[in-house]
Structure formats: C-alpha cells, structure tokens
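So you can see what is in the structure, the chains are spelled out below.
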Amino acid sequence: MVLTLLGTRWAITVLARRGYGQEIRDDGPTSHHIKRGTPTMGGTVFIIATIVGYFAAKLFTMTPPTASALLVLFLFAGMGAVGFLDDFIKIFRQRSLGLRSKAKLAGQTMVAVVFAVLALQFPDERGQRPASPFISFIRDIGWLELPAILVIIWILLLIAGMSNGVNLVDGLDGLATGASMMVFGAYTLICIWQFNQSCATAQGVGAKCYEVRDPHDLAVVAAALTGALFGFLWWNASPAKIFMGDTGSLSLGGALAGMAVMTRTELLVLLLGGLFVIVTASVILQVGYFKITHGKRLFRMAPLHHHFEMLGWEQVNVVIRFWIIQGLCVVIGLGVFYAEWVTG
C-alpha cells in the first residue's frame, strides 16, 4: 500500500511528462473525452508493488517462497506484460484499441498454458501440487477429474474469462480497482482459513480439512495485492489521475484466476467476482441480441456500466453502486464458503 501510494504519484509525473496518455474510444460516452491524455499503464505500479511486498515479507520472516505463490505472481506479471504491449501500442500508434484481438489472445494463451503446465508440477512431501486435476467449487469435486490436457484447457478458459472480465469492468474511474480489491481481500481470508484447517497440519486433519498446497503463502500474495490496490485507488478514484490500463486489468484477472486454481475455488470465484461475470454477460448478450435482431440493441451501450451512463447516471454513482453489488457478491461468496465448512 505504501509503495503504490508513493509510487503512483511519481508514476503520474513521469508518464505525464513523457506524454504516455490514454486514447479514448470515439464511440464511447462523450463524457469520457475529457479523460483523453490521462496517464495510463498504472498497473505497472501495483504489479511491482505486489511483487516487492511479497518478497519483502519473505525476507522479513526469513521463509522461502513457495511454488504456488511464485506461480500466481508469474501469471500476474505475465498477463500484465501482455497488457503492457497493448497499452504501448495505444500510446505510440495513437490507436485506442491497442493490440489486435488475435495477438492479444495469443499472448494470453501462451502465458496461461505455461502457468497451467507448471502448476501441475512441483508436488510437496504429501504429493500435493499447486493445481489439481479436479474441477473445484469450494474443494475438489471428486467425480470431475480431468486428464492433464483438459485441465490445461480448463485453466486456460478460466484465465481468459477472468482477465477479460476485469478488462471489461475497467471502464470507469476506480471501478475495477475497488472491485478487485474486495475479491483479493476475500481471498486473504479464505487462504488464512484454509491454512488453519489444512489437511497438512494436526489441527486440520479430518473430513473438513482443505487440500491446498501453500495456503499460508497464498494469503501473503492476496494481502499484498489488496494493499497495493488500496494505495493505487487513492489516485485512480474519480477523477482519476492515472488509469491502470490493460497492464493492470489483464494482470488482475490473471491473478484472480490463479488464486482460484491454487485454492481449489474455481467455480466459487464466479460468485466472489460476480460483478466481472455480470458485466461480461452484458457484452455477450448485447452482441448476441444485435446479431439475432439484425441491428437492435439490448442495452444502450455495453459493457453494462456504460448503459447506466447513457441513462444519465453520474459516473461516481455508477461506480459506487457497482461496488455495492461487488461487495454483496463477496459477502455471499464468503458465506457460501463458510457454510460449506459448518455443514460438513
């Protein structure tokens, strides 16, 4: 949090001096045109802050990094690198759409496949690997075991879905930052609970324990992410002094999917990150309805937050109300997670 509070202010100065400003879509809400030129690629700041924060914790406690945490950080930084290329093209070629869709998808796929392959390696002394061959909800679903190739495809789809979901939500000042912060805060609690009830420890042995390889270290990663986003939100809240860009949104979506895979909560993340699912669904519905009806629109504009802007809502009102929706999703998700443990 300290690194992003201080580092983002410095980044705003440097990026503005070099003219690294955001290009704005001409077909978007007209109120957004005043944002043209606002420094972007701010995601670089919280990527660096999260990684530094994690390794500072390791140094301070004199404990070695774990495979699970390193893999999540790899996915986080790797997806951020793809987003950085996208932002770079937007700035230097003055093209608001950045990378071509095929190039962006290829980059995301490459990072995701490397992550998925490595996540199926590195067994600990109990044979637990960072990722599981089972599809999971709150734990592995015993009858949904997949062969390795299908596990990789499943993880790839999860990463693509979450990274693009966060990318779609990142359309209003502070919206994606605040929503992501809530989800990573929830994962901090989930990982601490899983560590306290881990099957690898004496107190966790029993029917209700969790088979997660490195829950304690994953909590450190989630906490670092939450703190980094807290600091970034200070500058990203309306009126935003800096945007995270695709550098930030793709990295956050990747980290969110990575946490879901590592904690065996792959389907629960759809509830915890409910706002990302809702906004993504609004785009799918808009495109599908447009094609079926040959030009008619279901919403005034997609993604969904722009629909409410077009209805006349102030940007701040849309952000706060969407934060409330995301907060409810997190509370319900945590409630479902805890209820499963209570009921056994």
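Residues numbered from 1 in each chain as written. Predicted model: local features only at pLDDT ≥ 70, side-chain atom pairs only at ≥ 80, totals over all residues. Heavy atoms only, no water.

Summing up its helical and strand segments, the chain has twelve helices and two strands in all. Mapped in sequence order, the helices and strands of the chain form the string α-α-α-α-β-β-α-α-α-α-α-α-α-α. A compact globule built from 344 residues should have a C-alpha radius of gyration of about 20 Å, and the chain, at 20 Å, falls within 12% of that. Counting only C-alpha atoms and orienting by the principal axes, one finds that the chain spans roughly 60 × 50 × 35 Å. When burial is assessed residue by residue, the chain has 53% of its 344 residues classed as buried. Within the chain, counting contacts between residues at least 6 apart in sequence, those at least 24 apart form 74% of the total. Put simply, the chain shows about 15,600 Å² of open surface, and 70% of that area lies on carbon and sulfur atoms. (Helix = DSSP H or I, 4+ residues; strand = E, 2+ residues; numbered from the N terminus. Rg over C-alpha atoms; globule rule 2.2 N^0.38 Å. Buried < 20%, exposed > 50% of the residue type's maximum accessible area, 1.4 Å probe, protein only. Contact = heavy atoms within 4.5 Å. Areas by Shrake-Rupley, 256 points an atom, 1.4 Å probe, with all protein chains shown as cover.)

A word on unusual backbone geometry. For the peptide bond that leads from Ser238 to Pro239, omega is -5 degrees, which places it in the cis range. When you line up the elements, Pro239 lands in the loop between helix H7 (215-236) and helix H8 (245-262). Of note, the bond from Ala302 into Pro303 is cis; its omega dihedral lies within 30 degrees of zero at 0 degrees. Secondary-structure assignment places Pro303 in the loop between helix H10 (274-292) and helix H11 (304-310). A positive phi is found at His294, a non-glycine position, where the angle reads about 60 degrees.

So, about the side chain of Asp214. Tracing the sequence through the fold places Asp214 in the loop between helix H6 (175-196) and H7. On the basis of relative accessible area, Asp214 is assigned to the buried category, the value being 11%. The residues touching Asp214, leaving out its near neighbours within four places in the chain, are Thr66, Ala67 and Ser68.

On inspection of all chains with the given rule, the structure shows one disulfide. Note that Cys199 is cross-linked by a disulfide to Cys209, the S-S spacing being 1.9 Å. Torsion about the S-S bond of the Cys199 and Cys209 cystine: about 90 degrees, corresponding to right-handed handedness. With Cys199 in the loop between H6 and H7 and Cys209 in the loop between H6 and H7, this pair connects stretches of sequence that are ten residues apart. Under the relative-accessibility criterion, Cys199 is labelled buried at 12%. Of the cysteine sulfurs around Cys329, a residue in no disulfide, the closest is that of Cys191, at 19 Å. (Disulfide = S-S within 2.5 Å.)

What follows covers the packing of H10 against helix H12 (residues 315-343). Look at H10 against H12: their axes get within 8 Å of each other, and the N-to-C directions meet at 120 degrees. Judged on the interaxial angle alone, H12 and H10 are oblique. Only Phe322, Ile325, Gln326 and Cys329 of H12 make contact with H10, whose side of the interface consists of Gly274, Leu275, Phe276, Ile278 and Val279. (Axes fitted to C-alpha atoms, helices over the stretch in contact; angles between N-to-C directions. Parallel < 35°, antiparallel > 145°, perpendicular 65-115°, else oblique.)

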